[in-house]
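A structural walkthrough
Each chain, letter by letter, is given below.
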Amino acid sequence: MGYKSISLRMEDTAVETIDDEADQLGMSRAEYIRSHLHAGRRLFQSNGKLDRQLLSQLVEGDESPHLSDDLTTDADGLADEIRAALPADKERALSTDEVRKAVFGTTDRQRDQVEQALESLAERDQIDITVNGEFHIDE
């Protein structure tokens, strides 16, 4: 895979906070920073302006973003992430599966993220779990 390193200076306390939160999520520091960077990028439109509608939904609303929301399905944002994951060197080109893993993580990681999100929604009484272990919106 093609990756480039970047350096970032932060106060010790900020790094400790990031490390603690990453540990709680079972992520490395790099994974944590990448995921938060991508989430922040999605809050800004391509012209650099904050997407106030999406931010309002995330901050003020009681509902979590849905799969149909811009946060997870923005085609331009996804295209940008794919482009960022691709190497410039032809010798290091990625297969479709390698691109998927670079952008979305491994299947196990994706499954873990979905399970954590479902648990969080259930704990907040925003979804119900059936006897069969299936989920539905609690209305």
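Right above here is the structure, for reference.
The present account deals with the structure reproduced in this document. (Residues numbered from 1 in each chain as written. Predicted model: local features only at pLDDT ≥ 70, side-chain atom pairs only at ≥ 80, totals over all residues. Heavy atoms only, no water.)

With that settled, the discussion passes to the overall build of the protein chain. The helix and strand tally for the protein chain stands at seven helices and two strands. In sequence order, the secondary structure elements of the protein chain are arranged as α-α-α-α-α-α-α-β-β. For the protein chain, the proportion of its 139 residues judged to be buried stands at 14%. In the protein chain, once contacts between residues fewer than 6 apart in sequence are set aside, the share between residues at least 24 apart is 27%. As displayed, the protein chain offers around 11100 Å² of accessible surface, 50% of which is attributable to carbon and sulfur atoms. (Helix = DSSP H or I, 4+ residues; strand = E, 2+ residues; numbered from the N terminus. Buried < 20%, exposed > 50% of the residue type's maximum accessible area, 1.4 Å probe, protein only. Contact = heavy atoms within 4.5 Å. Areas by Shrake-Rupley, 256 points an atom, 1.4 Å probe, with all protein chains shown as cover.)

What follows concerns helix α7 (residues 107-123). With 17 residues, α7 extends 24 Å from end C-alpha to end C-alpha; this agrees with the ideal 24 Å at 1.5 Å per step. At the C-terminal side of α7, D125 shows a positive phi close to 55 degrees. (Expected span 1.5 Å × (residues − 1).)

A full pass over the atoms with the stated rule returns four salt bridges. Between R29 and D19 there is a salt bridge; the shortest N-O distance is 2.7 Å. With R29 in helix α2 (residues 29-42) and D19 in helix α1 (residues 12-25), the pair connects residues that are 10 residues apart, well separated along the chain. Between K101 and D97 there is a salt bridge, with its nearest N and O atoms 3.5 Å apart. (Salt bridge = Lys/Arg side-chain N within 4 Å of Asp/Glu carboxyl O.)

Time to look at a negative patch on the surface. A surface patch of negative charge is lined by E11, D12, E16, D20, E21 and D23. As for its placement among the helices and strands, E21 is situated in helix α1. We classify E21 as partly exposed; its relative accessible area is 32%. (Patch = residues over 30% accessible without salt bridge, like charges linked within 9 Å, V, L, I, M, F, W, Y side chains within 5 Å. Lys, Arg positive; Asp, Glu negative; His and termini not counted. Charge placed at Lys NZ, Arg CZ, Asp CG, Glu CD.)

So, to be careful, I would describe these as geometric facts and stop short of saying anything about function.
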